[in-house]
Amino acid sequence: MISFWKRDIGLHPTAEWEPYCWVNVENPTNEEKRYLLDELGVPDAFYNDIEDVDERPRIEYENGWFFILMRLPYKNTDLKIPYTTVPLGIIFKDEVFVSISFYRCEVIPDFIQFSVRKGILIKDHFDQVLRIMLSSSVWFLKYLKQINNDIKEAENQLERSIRNEELQDLLRIEKSLVFFTTSLKGNDILLHRIKNLRSYRDTYNPELLEDVEIELRQAQETTSVYSDILSGMMDAYASVISNNLNIVMKRLTSISIVLMIPTLIASFYGMNVPNNLESHPWAFGAIVIASITISVFALLIFMRKKWY
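The rules behind each value
- Residues numbered from 1 in each chain as written.
- Predicted model: local features only at pLDDT ≥ 70, side-chain atom pairs only at ≥ 80, totals over all residues.
- Heavy atoms only, no water.
- Helix = DSSP H or I, 4+ residues; strand = E, 2+ residues; numbered from the N terminus.
- Buried < 20%, exposed > 50% of the residue type's maximum accessible area, 1.4 Å probe, protein only.
- Contact = heavy atoms within 4.5 Å.
- Areas by Shrake-Rupley, 256 points an atom, 1.4 Å probe, with all protein chains shown as cover.
- Core = buried A, V, L, I, M, F, W, Y, C linked by side-chain atoms within 4.5 Å.
- Phe/Tyr/Trp six-rings, centres within 6.5 Å; stacked < 30°, edge-to-face > 60°.
- Pairing = 2+ DSSP bridges.
- Axes fitted to C-alpha atoms, helices over the stretch in contact; angles between N-to-C directions.
- Nonpolar A, V, L, I, M, F, W, Y, C, P; charged D, E, K, R; others polar.

Caption draft 1: Layout of the overall build of the protein chain. Counting secondary structure elements, the protein chain contains 7 helices and 7 strands. Overall, the protein chain shows an N-to-C arrangement of helices and strands of β-β-β-α-α-β-β-β-β-α-α-α-α-α. Seen along its three principal axes, the alpha-carbon backbone of the protein chain occupies a region of about 115 × 40 × 35 Å. With 308 residues in all, the protein chain has 42% of them scored as buried. Taking all contacts inside the protein chain whose residues are at least 6 apart in sequence as the whole, residues at least 24 apart take part in 66%. Carbon and sulfur atoms provide 55% of the accessible area of the protein chain, an area that totals close to 17,600 Å².

Right, dumping it as structure tokens:
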């Protein structure tokens, strides 16, 4: 899907391309790809790099074209990895400014709504790049809050569980945090390279640049804290699950021993040999009472020693 956005006080949709407008492309079709390559002159190599889901953040300059690739947070439909990151490529030269993503992230629509709501005036290409980076850092923090809630929910379930499913949930969250950590580090390196461009570093809005650095650093620190907490929690709860299983096995063993006593007595007196009680009418009742008494006595011993 391709859309055109005019830079004014906020971003406003327009029907077709015009100079210095923002061309936003999500999940491009073959026809849209041809439009980008043939009509707007987007370099084919840059387009192919964005298509690679594992591409790392970087900035390139070739034949007057700037190519900036950053990582955006993405809520995955795959339950194996609930949160991950995806590449967003920004390509611009003179009057052309294009962003391309092969995934529909929440970052871009939120960025557009925020710019309209706050009446933000985007003065140039790099100003818009920095504002998109700021929005992506804010969304990293939003998803980290959701991850923290998922950790708390899994923690509550683990306290009374002897299964591995909850531990596997934490493992999936840990994978998401690894993706976040790697992508945030890449975005941080990208920001420093943009910041140090000699021809443009005097044109940046210093307040905007500071906001991007603060949000990016906060997202990195939060991810690091959650990752450390989660690693320690998984080690601790792996021991808890093992301990819970040991308690269950101890109780089952105690029950087996208590039940074995009347079974053993019945086996002795059920043998086809003389036992001096075969001719007494009260023999069966005496054996039952003796079995129950010894079993209760054994149960009391187990409870006293806290074996049960």
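Caption draft 2: Quick peek at the nonpolar core. Ranked by internal contacts, the top residues of the largest apolar core, which has 58 residues, are Ile 68, Met 70, Ile 90, Phe 126 and Ile 194. For Ile 194, the contacting residues outside a window of four places in its chain are Ile 59, Ile 68, Phe 126, Val 129, Leu 130, Met 133 and Tyr 204.

Caption draft 3: Quick look at the packing of aromatic side chains. This model, assessed by the stated rule, comprises 14 aromatic pairs. Measuring from centroid to centroid gives 6.3 Å for Phe 4 and Tyr 35, while their planes differ by 85°, and the two rings are edge-to-face. With Phe 4 in strand β1 (residues 2–8) and Tyr 35 in helix α1 (residues 30–39), this pair connects stretches of sequence that are 31 residues apart. Taking 5.3 Å as the distance between ring centres and 75° as the angle between the ring planes, the aromatic pair formed by Phe 66 and Phe 126 counts as edge-to-face. Placement of Phe 66 in strand β5 (residues 65–75) and of Phe 126 in helix α4 (residues 125–158) is noted, with a sequence separation of 60 residues between them.

Caption draft 4: Representation of the pairing of β1 in the model. One ladder, built from 4 bridges, connects β1 with strand β3 (residues 22–26); its direction is antiparallel. The residue bridging Phe 4 from the neighbouring strand is Val 23, located in β3. Relative to strand β2 (residues 10–14), β1 is paired through 5 bridges, and the arrangement is antiparallel. Paired with Lys 6 across the bridge in β2 is His 12. The antiparallel hairpin formed by β1 and β2 contains 1 residue in its connecting segment.

Caption draft 5: Geometry of the sheet that holds strand β7 (residues 96–101). Spatial ordering of the open sheet is given by β2-β1-β3-β7-β6-β5-β4, a layout of 7 strands whose pairing is mixed. Because the sheet does not close on itself, it has two edges, and the strands there are β2 and β4 (58–62). With direction set aside, neighbouring strand axes in the sheet form an average angle of 25°. Strand direction decides the pairing type here: β4 and β5, joined by 5 bridges, are antiparallel. Along β5, the bridge assignment pairs Glu 60 with Phe 67. Set on the sheet, helix α2 (residues 44–51) makes contact with β4, β5, β6 (83–93) and β7; between it and β5 the angle comes to about 15°.

Caption draft 6: How the structure looks around the packing of α1 against α2. Where α1 contacts α2, the two axes come as close as 10 Å, and the packing angle between them is 145°. Contacts between α1 and α2 involve Lys 33, Leu 36 and Leu 37 on the former and, on the latter, Asp 44, Tyr 47 and Asn 48. A breakdown of the residues in the contact of α1 with α2 according to their chemical character gives 3 nonpolar, 1 polar and 2 charged.

Caption draft 7: Seen up close, unusual backbone geometry. Even without a glycine there, the phi angle at Tyr 20 is positive, about 70°. Tracing the backbone shows Tyr 20 in the loop between β2 and β3. Not every positive phi belongs to a glycine, and Asn 27 is a case in point at roughly 45°. Its place among the elements puts Asn 27 in the loop between β3 and α1.

Treat this as a map of the structure, not an account of what it does.
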